[in-house]
Amino acid sequence: MLLTKGFEVEVYTGTPEGKVIGLSSQIVRDLHGFVREPDSRNVEYTTAPLCNYDRLLCALLRPRRDLRQYLQTLGDYTIIPGSTLSLGDSSQFFRSDPDNHYHDYIEQTYHTKIVTASIHINIGIENTEKLIQAYRLIRLEAPLLLALSASSPFLDNQVTGFHSTRWRLFPQTPDHVPLFTSHNHFIEWTKQQLILGKMQNVRHLWSSVRPNGDNRPYNLNRLELRICDLVLNPIHLLAITAILEARINQILLDDTLDPLQKSTINHGDLETELLKVTQYNEQAVSENSLDAQLYRWQDGSKIIARDWLEELISELYPIAKSKGFSCFLTPAYKILEHGNQAQQWLTQHQQGLSISEIMYNAIISANQEEKDLEDKLCEQILIA
């Protein structure tokens, strides 16, 4: 059996030239399935939990097609790629819901650091203790998935020096999130954070990965990967998802992959050292993505992110093949070969294109990719 998978997709809206425009109030009012973010310039939709990758592909594409069609009724508007306000303006916060007190807190505390677009990937895991164990492994390997997805090298019409400016700026909250040793540990820790005011509510846990469920922290049924930048190319997003699913399948079958058991790092407290490693790796990847030098959680040795991913994908391929989704895994090799979105955009900028020109071309490209995929695949899947 394949695991269930669902996405939370945050996107910016704006003009074909790349100027981001706040339209979320109209979108949420008129279009089913979309919800507000604190700032009106981006909007979110979610996909239902599905096992089948073909159906997941269409579940990603259909709301986007509906959104594109709706935006045309408002004017010459479209979906804008990237995970930061590439052409600006990050100096202002445009409230989507002025009466929302939680949004008051967010604006006052974080300002536009949270006005980003991203992909959250949820993978269903029924056994709660296994879910917590998977959380520990994926927390330490989440930087690799950020390396594949990085798409925010620009902010306010400037090259920032980071491949994922979004993750470099995003306020991870609370500052210290443990490698939870059990479900009960997660429950007690969450309750304590709420008492201390470090979390405003159970949703206010903004880390690279978190246990998720409809009644957190008590009822958990999925693992949510939150680190990834926005990946508008659906084939690339499904490749990242396939890596995640295959890796989770591995640890569900093999407890010895648990970092608290497997790591041989032997200086200091193991959990403290592992958290230092992953925090370093997250920052290194936010700067250099696939070219970042990282430290393996297994033994502390150094490795380039691209090389680690090549090893991991090769290791995961037999698992994906045995479960029938290896064809969705292999496009990850193309990202390693040609670079992620941020690297491709930076190459174009080095070749002389302005950020405005890059964003204009990216908007056209993303629209065409979606149209081609939907025309070729989705009708066939519905017929089948």
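Quantities reported herein were computed from a predicted structural model and do not represent experimental measurements.

Draft legend 1. Region of interest: unusual backbone geometry. Of note, the amide linkage connecting Gly-88 to Asp-89 takes the cis form, showing an omega dihedral of 15 degrees. Omega for the peptide link from Arg-216 to Pro-217 comes to 0 degrees, which places this bond in the cis form. On the secondary structure map, Pro-217 appears in the loop between strand S8 (209-212) and strand S9 (222-225). The phi dihedral of Asp-156 falls on the positive side, at around 55 degrees, and the residue is not glycine. Mapped onto the secondary structure, Asp-156 falls in the loop between strand S6 (154-155) and strand S7 (158-159). Looking at Asp-156, the relative accessible area reads 31%, which means it is partly exposed. The phi angle at Asn-157 is positive, at roughly 65 degrees, despite the residue not being glycine. As for its placement among the helices and strands, Asn-157 is situated in the loop between S6 and S7. Using a relative accessible area of 37% as the deciding quantity, one classes Asn-157 as partly exposed.

Draft legend 2. How the structure looks around helix H2 (residues 53-74). If you check H2, its first and last C-alpha atoms are 33 Å apart, about what 22 residues at 1.5 Å a residue would give, namely 32 Å. If you check the start of H2, you find a side-chain oxygen 2.8 Å away from the backbone N of Asp-54, and it comes from Asn-52. Where H2 ends, the next residue or the one after it, Gly-75, has phi of about 150 degrees, a positive value.

Draft legend 3. Molecular detail of the packing of aromatic side chains. All told, the structure shown has 12 aromatic pairs when counted by the stated rule. Judged by centre distance (6.1 Å) and plane angle (85 degrees), the rings of Tyr-105 and Tyr-110 are edge-to-face. A relative accessible area of 23% means that Tyr-105 is categorised as partly exposed. On the basis of relative accessibility, which here comes to 11%, the residue Tyr-110 falls in the buried class.

Draft legend 4. Layout of the pairing of strand S5 (residues 119-124). Here S5 lies mainly inside the structure; 6 of its 6 residues are buried. Every second residue of S5 is oriented toward a common face, with Ile-119, Ile-121 and Ile-123 on one face and His-120, Asn-122 and Gly-124 on the other, all of them buried. Here strand S1 (residues 5-14) pairs with S5 via 5 bridges, running antiparallel. Paired with Gly-6 across the two strands is Asn-122, which belongs to S5. As defined by bridge partners, S5 adjoins S9 across 4 bridges and the pair is classed as antiparallel. When the bridges of S9 are listed, Ile-121 appears paired with Leu-225.

Draft legend 5. Just the pattern of salt bridges, in detail. Counted by the stated rule, this structure contains 23 salt bridges. A salt bridge links Glu-374 to Arg-65; its shortest N-O distance comes to 3.7 Å. With a gap of 309 residues between them, Glu-374 in helix H14 (residues 355-383) and Arg-65 in helix H2 connect regions that are remote in the sequence. Judged by relative accessible area, Arg-65 falls into the partly exposed class, the value being 31%. Across the pair Glu-224 and Arg-226 runs a salt bridge whose closest N-O atoms are separated by 3.2 Å. Of the residues examined, Glu-224 reaches a relative accessible area of 0% and is grouped as buried.

Draft legend 6. Structural context of the pairing of strand S3 (residues 42-46). With 4 of 5 residues buried, S3 lies mostly within the body of the structure. The sheet contact formed by strand S2 (residues 34-36) and S3 spans 3 bridges and is antiparallel. Looking at the pairing, Val-35 lines up with Glu-44 of S3. Where S2 folds back on S3, the antiparallel hairpin that results is connected by 5 residues.

Parameters and conventions
- Throughout this description, residue numbers start from 1 for each chain and increase along the sequence as written.
- It should be noted that, the model being predicted, local features are given only for residues of pLDDT at least 70 and side-chain atom pairs only at 80 or more, the latter also being counted only at that level, while totals for whole chains, interfaces and linings use all residues.
- Working from all heavy atoms in the structure, the side-chain values ignore hydrogens and water.
- Put simply, DSSP H or I for four residues or longer makes a helix, DSSP E for two residues or longer makes a strand, and each gets a number counted from the N terminus.
- Relative accessibility under 20% of the residue-type maximum defines a buried residue, over 50% an exposed one, and the middle range a partly exposed one, all with a 1.4 Å probe and only protein chains included.
- Multiplying one less than the number of residues by 1.5 Å gives the expected span of a helix.
- Counting of polar contacts relies on pairs of N or O atoms within 3.5 Å, with two restrictions inside protein: one atom must be capable of donating a hydrogen and the other of accepting it, and residues adjacent in sequence are counted only when both atoms are side-chain atoms.
- Paired rings are identified among Phe, Tyr and Trp, the last through its six-membered ring, by centres lying within 6.5 Å, and are further divided according to the angle between planes into stacked (under 30 degrees), edge-to-face (over 60) and tilted (the rest).
- We treat two strands as partners when DSSP finds at least two bridges between them.
- For this document, the term salt bridge refers to a Lys or Arg side-chain nitrogen within 4 Å of an Asp or Glu carboxyl oxygen.

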